[in-house]
Amino acid sequence: MTSPNGRFVLVFNGEIYNFQGLMRELTTAGHVFRTRSDTEVIVHAWEEWGEKCVERLAGMFAFALWDAHRRTLFLARDRLGIKPLHYAELPGGTVLFASEIKGLLEHPRLPRALDPLAVEDFFGLGYIPDPRTIYRSVRRLPPGHTLTIAPGGDALEPRPYWDIAFAPRHDLGEEEAAAELIEKLRAAVDSHRVSEVPLGAFLSGGVDSSAMVALMAGMSADPVDACSIGFDRPDYDELEYARAVAGRFGARHHAERVDTGDFSLVDRLMGLYDEPFADSSALPTYRLCALARRHVTVALSGDGGDELLAGYRRYRLHVNEERVRRHLGPAIRRPLFGLLGAVYPKLAWAPQPLRAKRTLQGLASDTAEGYLNIVALLRDDLRAALYTPAFRRELQGYHAVETFRRHLERAPTDDPLAQVQYLDLKTYLPADILTKVDRASMAHSLEVRVPLLDHTFVEWAATLPAALKLRGTEGKALFKKALEPLLPADILYRPKVGFSVPIGEWFRGPLRDRLYRAVSAPALMDSGFLEERALRRLADEHVSGVRNHASALWAIVMFEAFLRRAPVAMAA
């Protein structure tokens, strides 16, 4: 969009949910609008408030605004990172920007060298956290940041305009907090429903998506279009719960079952994500978006609930470990648990209570190391065995834990639960969960909105004490309590299933040949990152059933697919 006088030029991806209120405010201030669009509101907001305009915007967005009078380019990304924005500076000073990396790769002078630190991040975490990307020359603008580029300006240095302030309100009782939660979430859902095109919701049968459908159903006389994906195996399928929720609220339920042998998308996924991406739930997410787009143009999602309201089992594990770490102190626990962790056998085949090696090693670590020990895709010993000596030298001591340490240093809290929620909101949520949904939905021209990540709701949820979020073994305790009048107990309190596929079985069956081709593929060997003998041993152990290396092997297959699709990436 260009302003009438040609001074401002805007490119924009996303939605501004409070644009109508801002339009009224800006009109009162003397601005004249030609349209009724949220896009034009950004142009006038920049003219009125300059760089502070982003503080007034509520929504999901990535935009670039050129101010011809100031000779200034202003890039901005929404607070939680729902929409992506990448940029690069070429030799000579030219700056490129795009929603996706593939847009930047269209420029013939963009350097294609891979970033070895990003490779370590990928194999440590399963994704590449902001601001790094797989390419040395390309950066992702972090959530809640802006970047101003002007003649004679400083180097490209993003500036934060928002952060999550964990400041618990200890005066808040459970009943009062539950009532506030529903009130504020209802307002967030309502604001995200504004649409001139068909609107529906994802419905997995879990707590978060069921809450979306329940609240939407109470806001309109028309039935909600609820879209669900099921699987042909009971241990992966939640479709009966999704049907029950849809029936309870009179939703139009659109459901499909996906064959758990449906792995035809493996190569196509690399074309969507532009860099290595190891979240196997990208496969059913892609299918869900395809289903939804046949019925609606906009879908509301329950993403963000686990991170914001403490739904992951790993949070309970970390909090328990952190209590021990803080009680004993490093002088005692490092030598004690370090020794025990070294000598304790790795009993991957044993019942959960006997698999204590990882816990012992975590207790010997600091907070950042301990949490990485819980969430790591490939643990330290496995990465060390796979990396070539040349690649280890290239890393120069860099370790994936440094990303966690950097965020923990800035975390506005010393509460163990809030600290790891903060970490996930800065790393896993934007770089994995939201990236997965954005690419899969955009591939089908489907817009996915995330009411749980409305920044005003996020700010409120960050004031909840840990005891209201995590109670004993129950995660999302307050959220479930607040939803009891709306949803039955078998939706709220059954064990979490997750949106996963049986990749371990695939690698022992229909994907076995593909796996062995990948671990010895020329693209992987020529990269110089991984040892072929160690890769082969990993595959043999998994296929024979000696070990379960499913997640690690999926990451390796995805990495090989990336290298095969982007051979120019190896050139400096």
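Residues numbered from 1 in each chain as written. Predicted model: local features only at pLDDT ≥ 70, side-chain atom pairs only at ≥ 80, totals over all residues. Heavy atoms only, no water.

**Points about the overall build of the chain**
Counting secondary structure elements, the chain contains 28 helices and 13 strands. For a compact globule of 572 residues, the expected C-alpha radius of gyration is about 25 Å, and the chain comes in at 24 Å, within 12% of that figure. Taken over the C-alpha atoms alone, the chain extends approximately 70 × 60 × 50 Å along its principal axes. Taken across its 572 residues, the chain has 57% of its residues classed as buried. Summarising the internal contacts of the chain: among those between residues at least 6 apart in sequence, 71% fall at separations of at least 24. (Helix = DSSP H or I, 4+ residues; strand = E, 2+ residues; numbered from the N terminus. Rg over C-alpha atoms; globule rule 2.2 N^0.38 Å. Buried < 20%, exposed > 50% of the residue type's maximum accessible area, 1.4 Å probe, protein only. Contact = heavy atoms within 4.5 Å.)

**Some remarks on the environment of H295**
Mapped onto the fold, H295 is located in the loop between α9 (282-293) and β12 (298-300). On the accessibility criterion, H295 (34% relative accessible area) is partly exposed. Setting aside chain neighbours within four positions, we find H295 in contact with P198 and H254.

**Quick notes on the side chain of T367**
Mapped onto the fold, T367 is located in helix α14 (residues 367-375). On the basis of relative accessible area, T367 is assigned to the buried category, the value being 19%. When near neighbours in sequence (up to four residues on either side) are disregarded, T367 contacts H318, E322, R325, L408 and Q419.

**A closer look at the nonpolar core**
In terms of nonpolar packing, the biggest core is built from 101 residues, with F63, L181, L464 and F479 touching the most fellow members. Among the nonpolar cores identified, the runner-up in size contains 78 residues, and A88, F277, Y286 and Y516 belong to it. (Core = buried A, V, L, I, M, F, W, Y, C linked by side-chain atoms within 4.5 Å.)

**Examining the sheet that holds strand β13 (residues 447-449)**
The sheet built from five strands is open, its strands ordered β11-β10-β9-β12-β13 with parallel pairing. The sheet terminates laterally at β11 (252-258) and β13, the two strands that pair on one side only. Within the sheet, the average angular offset between the axes of one strand and its neighbour, ignoring direction, is 30°. Here three bridges tie strand β9 (residues 199-202) to strand β10 (residues 225-231), and the two strands are oriented parallel to one another. From the neighbouring strand, F202 faces β10, where its bridge partner is C227. Packing against the sheet, α9 makes contact with β9, β10 and β11, and its axis sits at approximately 145° to β10. (Pairing = 2+ DSSP bridges. Axes fitted to C-alpha atoms, helices over the stretch in contact; angles between N-to-C directions.)

**Topic: helix α2 (residues 38-49)**
When the terminal C-alpha atoms of α2 are compared, their 16 Å separation across twelve residues agrees well with the 16 Å that a helix rising 1.5 Å per residue should span. Of the residues making up α2, those classed as buried are D38, E40, V41, I42, V43, H44, A45 and W46. Elements in contact with the buried residues of α2: β1 (8-16), α1 (19-28), β2 (59-67) and β3 (72-77). Positioned one or two residues after α2, G50 has a phi angle of 65°, which is positive. (Expected span 1.5 Å × (residues − 1).)

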